[in-house]
Amino acid sequence: QQHNVTSYGATTEAIITLEAFAGMWINAFIICVLCTGWVQKKTLNSNEKILLLLGCSRICSLCISWAYSFLSKVYPKYFHVHPVLQLAVFLQAFFNHCNLWFSACLCVFYCIKIANFRNRFFIYLKVKIDRVVPWLLLVSGGLALAIGIIAYDIADKPHGNNHTYARPGNFGKPNIKMDKHFFPSFFLTGFAYAASFLAVILSAVFLLFSLWRHKRKMQTKSMKNLSMDAHIKAMKSIFSFLVMYSINFICLVLKMVYVTKKRSHMTFLIVVFEYTFSGLHSLILIFSNPRLEKTLLKIL
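Given the structure is predicted, the values throughout are model-derived calculations rather than measurements.

As a further point, take the packing of helix H3 (residues 84-114) against helix H4 (residues 120-127). Interaxial distance between H3 and H4 falls to 9 Å at its minimum, and their mutual angle equals 105°. The angle between H3 and H4 places the two elements in the roughly perpendicular class. Residue-level contacts link Cys 111, Ile 112, Lys 113 and Ile 114 of H3 to Phe 122, Leu 125 and Lys 126 of H4. Looking at the contact of H3 with H4, its residues break down into five nonpolar, no polar and two charged.

Turning our eyes to something else, we now look at the nonpolar core. Membership of the largest hydrophobic core comes to 49 residues, with the highest contact counts inside it found for Leu 106, Tyr 110, Tyr 245, Leu 285 and Ile 286. Ranked by the residues each element gives to this core, the list is headed by H3, at 11 residues. Setting aside anything within four residues of it in sequence, one finds Ile 286 in contact with Ile 26, Phe 29, Ile 30, Leu 292, Glu 293 and Leu 296. Formed by six residues, the second largest nonpolar core is a distinct cluster that contains Ile 16, Ala 20, Leu 62 and Val 271.

Evaluation of the coordinates by the stated rule reveals two salt bridges. Where Lys 41 meets Glu 48, a salt bridge forms, and the shortest distance between an N and an O atom there is 3.4 Å. As a salt-bridge pair, Glu 48 and Arg 291 come within 3.1 Å of each other at their nearest N and O atoms. With Glu 48 in helix H2 (residues 46-74) and Arg 291 in helix H9 (residues 290-299), this pair connects stretches of sequence that are 243 residues apart. Of the residues examined, Arg 291 reaches a relative accessible area of 30% and is grouped as partly exposed. Bridged by salt links that share partners, the residues Lys 41, Glu 48 and Arg 291 form one connected network.

Here the focus is the packing of helix H8 (residues 265-288) against H9. It is the contact of H8 with H9, at a shortest axis distance of 5 Å, that shows an interaxial angle of 100°. Classified by the angle their axes make, H8 and H9 are roughly perpendicular. Here Leu 285, Ile 286, Phe 287 and Ser 288 of H8 lie close against H9, whose contacting residues are Pro 290, Leu 292, Glu 293 and Leu 296. For the contact of H8 with H9, a count of residues per class yields six nonpolar, one polar and one charged.

Residue placement: Phe 102 occurs in helix H3. A relative accessible area of 6% means that Phe 102 is categorised as buried. For Phe 102 and Leu 51, which are 51 residues apart along the polypeptide, the C-alpha to C-alpha distance reads 8.3 Å. Excluding its chain neighbours within four sequence positions, the residues that come into contact with Phe 102 are Ile 50, Leu 53, Leu 54, Ser 57, Leu 137, Ser 140 and Gly 141.

Attention now moves to the UniProt feature "transmembrane region" (unreviewed entry) in the chain. Here the UniProt-annotated "transmembrane region" (unreviewed entry) positions come out as residues 20-39, 51-69, 89-112, 132-152, 186-212, 238-260 and 266-288. With 100% helix and 0% strand, residues 132-152 has end C-alpha atoms that lie 30 Å from one another. Between the C-alpha atoms that bound residues 266-288 the distance is 32 Å, and the span itself is 100% helix and 0% strand.

Okay, the side chain of His 281 next. Its place among the elements puts His 281 in helix H8. The residues contacting His 281, other than those within four sequence positions of it, are Arg 58, Phe 241, Met 244 and Tyr 245.

What follows covers the state of the cysteines. Under the counting rule described, the total for this entry stands at zero disulfides. In this structure Cys 35 is not part of a disulfide, and its nearest cysteine sulfur, from Cys 56, lies 6.7 Å away. Note on Cys 111: no disulfide assigned, nearest cysteine sulfur contributed by Cys 107 at a separation of 9.2 Å. According to the relative accessible area criterion, Cys 111 is buried, its value standing at 6%.

Rules and cut-offs
- Residues numbered from 1 in each chain as written.
- Predicted model: local features only at pLDDT ≥ 70, side-chain atom pairs only at ≥ 80, totals over all residues.
- Heavy atoms only, no water.
- Axes fitted to C-alpha atoms, helices over the stretch in contact; angles between N-to-C directions.
- Helix = DSSP H or I, 4+ residues; strand = E, 2+ residues; numbered from the N terminus.
- Parallel < 35°, antiparallel > 145°, perpendicular 65-115°, else oblique.
- Contact = heavy atoms within 4.5 Å.
- Nonpolar A, V, L, I, M, F, W, Y, C, P; charged D, E, K, R; others polar.
- Core = buried A, V, L, I, M, F, W, Y, C linked by side-chain atoms within 4.5 Å.
- Buried < 20%, exposed > 50% of the residue type's maximum accessible area, 1.4 Å probe, protein only.
- Salt bridge = Lys/Arg side-chain N within 4 Å of Asp/Glu carboxyl O.
- UniProt positions renumbered as here; feature names shortened; annotations may be inferred.
- Disulfide = S-S within 2.5 Å.

Structure, rendered in C-alpha cells:
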C-alpha cells in the first residue's frame, strides 16, 4: 500500500534525488575514464585504483541511500518485512564506510607519495607504496564489511525478539524499546568515523607541512618555476579536502545525535550535505587530476 507523502517529504525527496543523481553522474564519469584507460594501457597505477574503488563505492552508496530514502517515504511498511530493513542497513553501512575508508586511503596515498621526510620508515613506505596500496584497500574493504555485518546483526536483534512485527496492523508499532540497541551501533559508527577522520587529518597536516617547507626553501633560493606552482596548487587542494572532511565529520557526528528526529531541519541539512559531499569531493578530485580534467573539458 502506497503511503501519502507530505509536501515537506516531497520537497526533501526532490532535493535529495537531484543531488544523488548529480553525484552518481560525476562518479560514473570518473569510473568510465579510468576503465577506458585501463583497457588501453592494460594496467592502473595506485592512484587510479583508489579513485576507481572510491567512485564505485560512492555510486553504490548514493544509489542505495536514495532508494532507501525514496521507499521509506512512499512504501514505509515494506521495511518492516524481514529481512528488507536488515539488508538495507547492511548495504548502507558497508558502502558508506567503504566511501569513508577509501577517501582516507587516498589522503594517505597523497601524503606518502608527495611529502618529503627523512624518516626511514616513511622512506620505506614511499618506495613500497605500490605494494602498500592494495593492502590498504583490502583492509579498508574488510573493515567496512565487518561493520556492515555487525550493523545487520544489530538491526536484526529487535525483530528476533518481536514475533508480532509481520502481522497486519502492527507495522510501525514495535513492542520493544530500541534505545538499548542504538548504543553499540553508535559506538562502532563513531569509532569508524573518528579513525578515518584522524587518518585524513594526520595525512593532510603532514602533507601541508612538507609542502610549506618545500615552498619556503624554494623562496629563499629565489626559485620560481613550475614545481613551485605545482606545490602551491597541491597545498590549496589538500586544504580544501581538509575543510570538506572536517565539515563532513561534524555532520556525521550530528547525524548520530539527530537520528531519531525525522523531520528536524538540522537532519535535513545534514542529509543534504552528505549527498553534496560525495559529488563535490569527486568533482574536486576530477579537477585535481589532469587527465580527468582534460576529458571533462572536452565533453563540456
